[in-house]
Amino acid sequence: GPGRADAGRERRDALREELLLSPLPTGDVAATFQFRTRWDADLQRGAVSHYRLFPKALGRLVAALGVRELHLALTQGFWRTRYWGQPPLQAPAGAELWVWFQPTVTDVDKAWKELSNILSGIFCASLNFIDSTNTVTPTASFKPLGLANGTDHHLLRYAVLPREVVCTENLTPWKKLLPCGSKAGLAVLLKAERLFHSSYHSQAVHIRPICRDASCLAVSWELRQTLTVVFDFFSSGQGKKDWSLFKMFSRTLTDTCPLASQSKVYVDISPKNKENELLEVSPPPTSVHEAIVQGDKKTYAVYDLLSPSLFNTSRSLNVQLKWKRPQDSSEMPIPTLHAQRYVGGYGLQTGEICTLIYNTHPYRAFPVILLETVPWYLRLYVHTLTIITKGKENKPSYIHYQPAQDRRRPHLLEMLIQLPANSVTKITIQFERALLKWTEYPPDPNHGFYVGSSVLSALVPSVTAMKDMDVEQSPLFTSLFPSSDGSSYFVRLYTEPLLVNLPTPDFSMPYNVICLTCTVVAVCYGSFYNLLTRTFHVEEPSRGGLAKRLANVIRKFRGVPPL
């Protein structure tokens, strides 16, 4: 009947894969992979039993724990915004996890703990160390990126592990979630030996609900697997700024993923000035795409791997990038918004956290939301909070502070700060270092303790007016953060993680005490015990044996004194 036909109708799912090659102003090259799996199914009702492209491990996780959005990033290194420009997708150093739960979830903390443990097993990471001491609930910084009926911040959890080390054991399960794995398509280039021989490596997983069509009467689920890597030409040993796919990944593209409906390679060939273009690519691209990305007009050379004419001349695709003339360092563009953070003060008792936020726009001011998460063992003095812009005090229009509790929760500070045009805003707050219990120190306490990165969220004014584009037709690197209007674009930046030294006891003293105690016991107590337990006997002199008596007889006959 028609009911059975509707029940047996195959749910539509589609896979799009994309690689973006962006030459950076310093001469390095950033490669951004995006694999997008869209599934027209309702995971929340739990009626899904057949998985085709969408990973079953993540699908059952979303359905069982009532997850509305999930964003996980594992990063090794730091994105230098000042020199590399605005990143397509930036993440803090270490592991970052933030999740929105459904309103039907009664115990959010329990679901959050269970979710972190399951993800720790899936991605072979130390996410099981996420607990109440490093989890916060932001009120303004992390809004849902997908469909959301409400923004009750009590359903949001955010945590960062800045000391998490990312390596091949995290990359392998990430690649296994891809429909084609690493056997075909763009994933062939994901060679661990080359990916981790780089200046920056970040892999992420984003799950969110989106509209199925323009009317938005039905919901689809989107899984985005992104990987960003920056290759340094000095560390690679090449000594030249000319690049190719083989030089970066030690592999070339030979075929496409048969499950992908779209597979493209984008190369940023935007001219840096009005003169001749600095970059040329070969072989000739199949098409050229122009778009407004992060407020600037960009030109991309597009290689469509599904085009039958692409692999006609050769069985492999090796995109090469060559510089027509050396790039002048004075041509390096300065991003509109960037920030840096450091620890001030001296000694091991007090200190201060300093954050510098730069707005290089010549005539536009805009607000920025700053999120600070500080561990409990750095006791903040909120009355010392100062915000200075151009020598004057800058009062935040919104501030939310949640004090820490020892061994229970960290500090949470959120502020909405107005950044004047062409200005530098300095934010300082003093803290006092706590003395931990000796069992709470890590194995290498003298290395220091990490403090997670600050998070900056802002709508940055656009230099060029942006037009509304169809999300399904636009490149993937332009559609994760949709813009509300054409005059600004959303940017989320992260500062450097901090390394703070705490008062540390001398952990070698127990060894010294043990050695001294053992010596005292062995020498003093051992000798005294020997004297108390030993018995002394007086031995009488013996008369001698048969030989001695025979000798004395002979000596007597000879007239010699006896022995």
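As annotated in an unreviewed UniProt entry, the protein chain carries the name PIGT transamidase and is attributed to Leptocoma aspasia.

Participant: Sorry, what's going on with the overall build of the protein chain here?
Facilitator: Helix and strand counts for the protein chain come out as nine helices and 26 strands. Taking all 563 residues of the protein chain together, 47% fall into the buried category. Here the analysis covers contacts within the protein chain between residues at least 6 apart in sequence; of these, 75% occur between residues at least 24 apart. On the protein chain, roughly 28600 Å² of surface is accessible, and the fraction owed to carbon and sulfur atoms is 54%.

Participant: Just checking my understanding: could you explain the layout of surface pockets for this structure?
Facilitator: Summary: where empty space remains is shown by rolling a probe the size of a single water molecule over the atoms. The space that makes up the second largest pocket amounts to roughly 970 Å³. Counting residues per element, the ones that place at least two in the lining of the second largest pocket are strand E6 (156-161), strand E17 (366-374) and strand E23 (449-451). In terms of residues, the lining of the second largest pocket owes the most to one element, E6, which gives four residues. When grouped by side-chain class, the residues that make up the lining of the second largest pocket number 18 nonpolar, seven polar and five charged. Viewed by domain, the lining of the second largest pocket spans two of them, domain 1 (24-323) and domain 2 (337-500), each represented by three or more residues.

Participant: Help me understand the pairing of strand E24 (residues 455-461) in this model?
Facilitator: Looking along a regular strand, one sees the side chains alternate between the two faces of the sheet. In terms of burial, E24 is largely enclosed, as six of its seven residues are buried. The pairing of E17 with E24 spans four bridges and is classified as antiparallel. In the sheet register, Leu370 faces E24, and the bridge partner there is Leu456. With seven bridges connecting them, E24 and strand E25 (residues 488-494) associate as antiparallel partners. When the bridges of E25 are listed, Val455 appears paired with Tyr494.

Participant: Even after reading the chapter, I still don't get the sheet that holds strand E18 (residues 378-389), so can you show me in this structure?
Facilitator: Through backbone hydrogen bonds, the strands of a sheet pair up, either in parallel or in antiparallel fashion. Spatially, the five strands line up as an open sheet ordered E15-E16-E22-E18-E19, and their pairing is antiparallel. Edge positions in the sheet fall to strand E15 (337-344) and strand E19 (392-393), since each of these pairs with one other strand and no more. As defined by bridge partners, strand E16 (residues 350-359) adjoins strand E22 (residues 423-433) across 10 bridges and the pair is classed as antiparallel. In the sheet register, Gly351 faces E22, and the bridge partner there is Phe431.

Participant: Honestly, the sheet that holds strand E9 (residues 243-244) in this entry has me stumped. Any pointers?
Facilitator: Judged by pairing direction, the sheet is antiparallel, and its three strands sit side by side in the order E9-E14-E11 without closing on themselves. Among the strands making up the open sheet, the edge pair consists of E9 and strand E11 (279-282). Pairing geometry for E9 and strand E14 (residues 320-323), over two bridges, is antiparallel. Of the residues in E14, the one forming a bridge with Ser244 is Gln320.

Participant: Just to check I follow, could you spell out the packing of helix H2 (residues 56-65) against helix H4 (residues 108-122) for this structure?
Facilitator: Packed helix pairs are specified by the crossing angle of their axes together with the interaxial distance, meaning the distance between the axes. One can describe the packing of H2 onto H4 by two numbers: an axis separation of 11 Å at closest approach and a directional angle of 170°. Our classification of the angle between H2 and H4 gives roughly antiparallel. Across from Ala57, Leu58, Leu61 and Leu65 in H2, the residues of H4 making contact are Ala111, Glu114, Leu115, Ile118, Leu119 and Ile122. Among the residues forming the contact of H2 with H4, the class breakdown is nine nonpolar, no polar and one charged.

Participant: How do you make sense of the environment of Pro445 when you look at a structure like this?
Facilitator: Counting through the fold element by element, Pro445 comes out in the loop between E22 and E23. When its relative accessible area of 9% is taken as the criterion, Pro445 is described as buried. Expressed as a C-alpha distance, the spacing of Pro445 and Pro503, which sit 58 residues apart in the sequence, is 9.4 Å. The contacts of Pro445, once residues within four sequence positions are left out, are Thr504 and Phe507.

Participant: Help me understand the pattern of salt bridges, please; the structure alone is not making it clear to me.
Facilitator: Pairing is possible between side chains that carry opposite charge, provided their charged atoms lie close to one another. Counted by the stated rule, this structure contains 14 salt bridges. For Glu290, the salt bridge is made with Lys297, and the minimal N-O distance between the two is 3.9 Å. The closest approach of N and O atoms between Arg379 and Asp406, which form a salt bridge, is 3.2 Å. Of this pair, Arg379 sits in strand E18 while Asp406 sits in the loop between strand E20 (398-402) and strand E21 (411-419); the two residues are 27 residues apart in sequence, bridging distant segments of the chain. Look at Arg379 and you get partly exposed, because its relative accessible area is 34%. Residue classification places Asp406 among the partly exposed residues on the basis of a relative accessible area of 39%.

Participant: When you look at a nonpolar patch on the surface in this model, what are you seeing that I'm missing?
Facilitator: A surface patch of nonpolar side chains, amounting to about 340 Å² of accessible area, comprises Val521, Tyr525 and Tyr529. As for its placement among the helices and strands, Tyr529 is situated in helix H8 (residues 509-533).

Participant: Just to check I follow, could you spell out the state of the cysteines for this structure?
Facilitator: By definition, a disulfide is the covalent link that joins the sulfur atoms of two cysteine residues. Evaluation of the coordinates by the stated rule reveals one disulfide. Summary of cysteine pairing: Cys518 is not part of a disulfide, and the nearest cysteine sulfur, belonging to Cys515, is at 6.8 Å.

Participant: Just checking my understanding: could you explain H8 for this structure?
Facilitator: Residues separated by three or four positions in an α-helix point in the same direction, a consequence of the helix having 3.6 residues per turn. The terminal C-alpha atoms of H8, which comprises 25 residues, lie 34 Å apart, in line with the 36 Å expected from a rise of 1.5 Å per residue. At Tyr525, H8 shows its maximal kink, close to 30°.

Participant: Help me out: how do you make sense of empty space enclosed by the protein in this one?
Facilitator: What the rule picks out here adds up to four cavities of 30 Å³ or more. Approximately 80 Å³ is the volume found for the largest cavity. Around the largest cavity sit Ile353, Thr355, Leu370, Glu372, Val374, Leu380, Leu385, Leu413, Met415, Ile427, Thr428 and Ile429, which together line it. For the lining of the largest cavity, the secondary structure elements donating two or more residues are E16, E17, E18, E21 and E22. When grouped by side-chain class, the residues that make up the lining of the largest cavity number nine nonpolar, two polar and one charged.

Participant: When you look at the side chain of Arg224 in this model, what are you seeing that I'm missing?
Facilitator: Mapped onto the elements of the fold, Arg224 is located in strand E8 (residues 219-231). Among the polar contacts made by the side chain of Arg224, one reaches the side chain of Gln34 at a distance of 3.1 Å. Looking at Arg224, its side chain comes within polar contact range of the side chain of Glu222, at 3.2 Å.

The rules we used
Residues numbered from 1 in each chain as written. Predicted model: local features only at pLDDT ≥ 70, side-chain atom pairs only at ≥ 80, totals over all residues. Heavy atoms only, no water. Helix = DSSP H or I, 4+ residues; strand = E, 2+ residues; numbered from the N terminus. Buried < 20%, exposed > 50% of the residue type's maximum accessible area, 1.4 Å probe, protein only. Contact = heavy atoms within 4.5 Å. Areas by Shrake-Rupley, 256 points an atom, 1.4 Å probe, with all protein chains shown as cover. 1 Å grid on protein atoms, 1.4 Å probe; cavity = no way out; pocket = protein on both sides within 12 Å on 5 of 7 lines; lining within 4 Å. Points joined across faces, edges and corners; volume = space filled by probe spheres on them. Nonpolar A, V, L, I, M, F, W, Y, C, P; charged D, E, K, R; others polar. Domains from an automatic or database assignment. Pairing = 2+ DSSP bridges. Axes fitted to C-alpha atoms, helices over the stretch in contact; angles between N-to-C directions. Parallel < 35°, antiparallel > 145°, perpendicular 65-115°, else oblique. Salt bridge = Lys/Arg side-chain N within 4 Å of Asp/Glu carboxyl O. Patch = residues over 30% accessible without salt bridge, like charges linked within 9 Å, V, L, I, M, F, W, Y side chains within 5 Å. Disulfide = S-S within 2.5 Å. Expected span 1.5 Å × (residues − 1). Bend = angle between axes of the 7 residues up to and from the residue. Polar contact = N/O pair within 3.5 Å; in protein donor to acceptor, adjacent residues only side chain to side chain.

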